Amino acid sequence: DAGVIQSPRHEVTEMGQEVTLRCKPISGHDYLFWYRQTMMRGLELLIYFNNNVPIDDSGMPEDRFSAKMPNASFSTLKIQPSEPRDSAVYFCASSPLSTGVVWNTEAFFGQGTRLTVV
Amino acid sequence: LAKTTQPISMDSYEGQEVNITCSHNNIATNDYITWYQQFPSQGPRFIIQGYKTKVTNEVASLFIPADRKSSTLSLPRVSLSDTAVYYCLVGDLSGGSYIPTFGRGTSLIVHP
């Protein structure tokens, strides 16, 4: 497997524009996470999905942010309208379900999307 | 209340053993301890996980005392390429899911 794939790697956009970040998780993984990383706030969990269903979006900063997972192999994080304070590196990660036999705490991260809003 | 506390930064030299200690005084019975590594411009990467005592893999060792209120990540004979941020996480696996929640981590700089 190629790992978690994110696109684009870099995005520069103007304030007010819509931005869509994309993620392809590892095949067979049940969980998908979206994180945001900044120097000020570190690595923050925004939202996560289990079997394509959003479970906890309490980390989403405001209504301008939305995330979808239409199928097991694709997820998007959308910001509309974007603002300069949204500039950050956005990571997507996936992990398999733990079972009573295998307790797993390993999440696999993509390379991230560096977003700059000017 | 922070679940984990670890030093902000550490310095070491090539060839030395590095031990990074993490405090998790409020760890729950069902919590597992996990460590991740992050290089600049990359996503975090899983290093090791444990519940109690000692765990060793090809990259590191994890020491967990009996009370589990702390853990120590041990990196043997570090090299320049071990310069990275190291995160200590605790989380509950009892429901079958593990939600990685990161603190600020420890920035390790390895000098020649």
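Now for a quick tour of the structure. Being a predicted model, the structure only gives us computed values, none of them experimental.

Let's shift gears to the overall build of chain A. What chain A contains, in helices and strands, is zero helices and 11 strands. Tracing chain A from N to C terminus, the helices and strands come up as β-β-β-β-β-β-β-β-β-β-β. Here the C-alpha radius of gyration of chain A, 14 Å, is about what a compact globule of 118 residues would show, namely 13 Å. If you line up chain A on its principal axes, its C-alpha atoms span 50 × 30 × 30 Å.

The subject of this paragraph is the nonpolar core. By size, the foremost hydrophobic cluster in this structure holds 21 residues, and its most contacted members are Trp34, Leu77 and Tyr90 of chain A. Breaking this core down by element, the ones donating at least two residues are strand 3 (19-24), strand 4 (31-38), strand 5 (42-50), strand 7 (65-71), strand 8 (74-79), strand 9 (88-95) and strand 11 (113-117) of chain A. Counting 20 residues, the second largest nonpolar core, distinct from the first, contains Ile27, Ile33, Ile48 and Cys88 of chain B.

Turning next to the sheet that holds strand 8 of chain A. Residue and element names in this part refer to chain A. Reading across the sheet, the four strands line up as 1-3-8-7 and stay open at both edges, with antiparallel pairing between neighbours. Each edge of the open sheet is held by one strand with a lone partner, namely strand 1 (5-7) and strand 7. Going from strand to strand, the sheet's axes swing by 15 degrees on average, the running direction of each strand aside. The pairing of strand 7 with strand 8 spans five bridges and is antiparallel. Across the sheet, residue Asn71 finds its bridge partner in strand 8, namely Phe74.

Moving on to the pairing of strand 4 (residues 45-50) of chain B. Taking burial as the measure, the six residues of strand 4 of chain B include five buried ones, the bulk of the element. Counted along the chain from strand 3 (residues 31-38) of chain B to the antiparallel partner strand 4 of chain B, the turn is six residues long, and its residue Ser41 of chain B has a positive phi close to 65 degrees.

Turning our attention to the pattern of salt bridges. Residue and element names in this part refer to chain A. Under the defined criterion, the tally for this structure stands at eight salt bridges over all chains. The closest approach of N and O atoms between Glu62 and Arg85, which form a salt bridge, is 3.2 Å. In this pair, Glu62 sits in the loop between strand 6 (53-56) and strand 7 while Arg85 sits in the loop between strand 8 and strand 9, placing the two residues 23 residues apart along the sequence. Each of the salt bridges in this network shares a partner with another, and the network as a whole consists of Glu62, Arg64, Glu83, Arg85 and Asp86.

All names here are of chain B. Looking at the element boundaries, Ile27 is found in the loop between strand 2 (18-23) and strand 3. Distance from Ile27 to Thr4, taken between C-alpha atoms, is 8.8 Å for residues 23 residues apart in sequence. Residues within four places of Ile27 in sequence aside, it is in contact with Ile33, Arg68 and Val90.

Turning our attention to the interface of chain B and chain A. The partner chain A presents 24 residues to the 19 residues of chain B that form the contact. The contact between chain B and chain A buries some 1800 Å² in all, and 54% of this surface belongs to carbon and sulfur atoms. Summed over the shared surface of chain B and chain A, the number is zero salt bridges. Across the chain B-chain A interface, the total number found is six residue pairs in polar contact (both at pLDDT 80 or more). For the side of chain B that touches chain A, the secondary structure elements donating two or more residues are strand 3 and strand 4 of chain B. Looking at which element gives the most residues to the side of chain B that touches chain A, the answer is strand 3 of chain B, with four residues.

About the thresholds
- Residues take numbers from 1 onward in each chain, read along the sequence in its written order.
- All chains are assigned letters beginning at A, and all ligands numbers beginning at 1, according to the order in which they are written.
- A pLDDT threshold of at least 70 governs which residues receive local features in this predicted model, and a stricter bar of 80 or more applies before side-chain atom pairs are shown or counted, although totals over entire chains, interfaces and linings include all residues.
- To get the side-chain values, all heavy atoms of the structure are used, and hydrogens and water are removed first.
- To qualify as a helix, a DSSP run of H or I must reach at least 4 residues; to qualify as a strand, a run of E must reach at least 2; elements of each kind are numbered from the N terminus.
- We compute the radius of gyration over the C-alpha atoms and compare it with the globule rule, which gives 2.2 Å times the number of residues raised to the power 0.38.
- Each nonpolar core is a collection of buried residues, namely Ala, Val, Leu, Ile, Met, Phe, Trp, Tyr and Cys, held together in the definition by side-chain atoms within 4.5 Å.
- Working definition: with a 1.4 Å probe on protein chains only, accessible area under 20% of the residue-type maximum means buried, over 50% means exposed, and in between means partly exposed.
- In this analysis, strands are considered paired if DSSP registers two or more bridges between them.
- All axes are obtained by fitting lines to C-alpha atoms, using only the stretch in contact for helices, and the reported angles, taken between N-to-C directions, cover 0 to 180 degrees.
- Every case where a carboxyl oxygen of Asp or Glu lies within 4 Å of a side-chain nitrogen of Lys or Arg is listed as a salt bridge.
- In this analysis, two residues are considered to be in contact whenever any of their non-hydrogen atoms come within 4.5 Å of each other.
- As a working definition, buried area equals the accessible area (1.4 Å probe) given up by two parts on being put together, with both sides summed.
- Within 3.5 Å is the distance limit for a polar contact, defined as a pair of N or O atoms, with the added protein rule that one can donate a hydrogen and the other accept it, and that residues adjacent in sequence qualify only through two side-chain atoms.

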